[in-house]
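# Remarks on the overall topology
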Amino acid sequence: AFNGTWKVDRSENYVKFMEQMGVNLVKRKVAEHDNLKITIEQNGDKFHVKESSTLRTKEIDFTLGVPFDYTLADGTEVSGAWEMEGDMMKGKFTRKDNNKLLTTTRTLVGGELVQSYNYEGVDAKRIFKTL
Ligand code: MYR
């Protein structure tokens, strides 16, 4: 159901979230208008996710419940895993530089893909439309 290519349509509180993450002003300005596209291919427990934006392109393979390392677009390194809870993907990642938790979810709402983010008490959302 998550399969397909998704293009960011709008964000909520994403700048505040990046501020809390410690992303500097210049990177926040760029990331705010990053035209993020993600392509998701799910096969059972296995996912292939392709990310492309004005910041970078990147591909990752992961399996639900299996921890992996990932570098965020601002260079922050995290380690963690996605799990499925009902129809919702739930990700729990730990920053390698300070051991603090970054949680994220993906869910489909009315044909849109909603990704939520939480870091140190700040919540944000990015809402994607299908291409
Ligand atoms: C994926 O499924 O797309 C790969 C794993 C993503 C891991 C963490 C996602 C959180 C991204 C937060 C962006 C923050 C930028 C400062």
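Residues numbered from 1 in each chain as written. Predicted model: local features only at pLDDT ≥ 70, side-chain atom pairs only at ≥ 80, totals over all residues. Heavy atoms only, no water.

### Description of the overall build of the protein
Convention followed: Secondary structure elements are defined from DSSP: runs of H or I of at least 4 residues count as helices, runs of E of at least 2 residues count as strands, and each element is numbered from the N terminus. Each radius of gyration reported is based on C-alpha atoms, and the globular scaling rule is 2.2 Å times the count of residues to the power 0.38. With a 1.4 Å probe rolled over the protein chains alone, any residue whose accessible area is under 20% of its type maximum counts as buried; one over 50% counts as exposed, and the rest are partly exposed. Residues are treated as being in contact if the distance between any of their heavy atoms lies within 4.5 Å. A positive count includes Lys and Arg, and a negative count includes Asp and Glu. His and the chain ends are not counted in either. Charged groups are reduced to one reference atom each: NZ for lysine, CZ for arginine, CG for aspartic acid, CD for glutamic acid.
On a plain count of helices and strands, the protein comes out with two helices and ten strands. Written out in order from the N terminus, the α and β elements of the protein read β-α-α-β-β-β-β-β-β-β-β-β. Taking 131 residues into account, the globule formula puts the C-alpha radius of gyration at 14 Å, and the protein, at 14 Å, falls close to it. Judged by the C-alpha coordinates and their principal axes, the protein covers about 40 × 30 × 25 Å. Expressed as a percentage of the 131 residues in the protein, the buried residues total 39%. Put simply, 38% of the contacts in the protein that link residues at least 6 apart link residues at least 24 apart. Across the protein, the centroid of the 20 positively charged side chains sits 4 Å from that of the 20 negatively charged ones.

### Comments concerning the site of the ligand
Threshold: Only a single heavy atom is needed: when it lies within 4 Å of a molecule or strand, its residue is near that molecule or strand. Whenever two N or O atoms come within 3.5 Å, that pair is a polar contact, provided that in protein one can donate a hydrogen and the other can accept it, and provided that, for residues adjacent in sequence, both atoms are side-chain atoms. Here, Shrake-Rupley sampling with a 1.4 Å probe gives the accessible areas, and only protein chains in the shown set may cover a residue. Classes in brief: Ala, Val, Leu, Ile, Met, Phe, Trp, Tyr, Cys and Pro nonpolar; Asp, Glu, Lys and Arg charged; the others, Gly included, polar.
Around the ligand, the structure places 13 residues, and the nearest of them are Val 49, Phe 62, Trp 82, Phe 93 and Arg 106. Side-chain polar atom of Trp 82 to an oxygen atom of the ligand: 3.0 Å apart, as the coordinates give it. Separating an oxygen atom of the ligand from a side-chain N or O atom of Arg 106 is a distance of 2.8 Å. Relative to its unbound accessible surface of 490 Å², the ligand loses 93% to contact with the protein. Of the residues contributing to the shell around the ligand, the split by class is twelve nonpolar, no polar and one charged.

### Details of the side chain of His 48
Position of His 48 among the secondary structure elements: in strand S3 (residues 46-52). Separated by 2.7 Å, the side chains of His 48 and Glu 59 make a polar contact. Within the structure, the side chain of His 48 is placed 2.9 Å from the side chain of Asp 61, a separation counted as a polar contact. Residues within four places of His 48 in sequence aside, it is in contact with Thr 39, Ile 40, Glu 41, Glu 59, Ile 60 and Asp 61.

### Observations regarding unusual backbone geometry
Here Asn 13, not a glycine, exhibits a phi torsion of approximately 65 degrees, which is positive. Relative to the helices and strands, Asn 13 resides in the loop between strand S1 (4-12) and helix H1 (14-21). For Asn 13, a relative accessible area of 41% puts it in the partly exposed group. In the Ramachandran plot, Asn 99 falls in the positive-phi region, its phi being about 65 degrees despite a non-glycine side chain. Take Asn 99: it is sitting in the loop between strand S7 (88-95) and strand S8 (101-109).

Without other data, these values stay purely geometric and don't point to any function.
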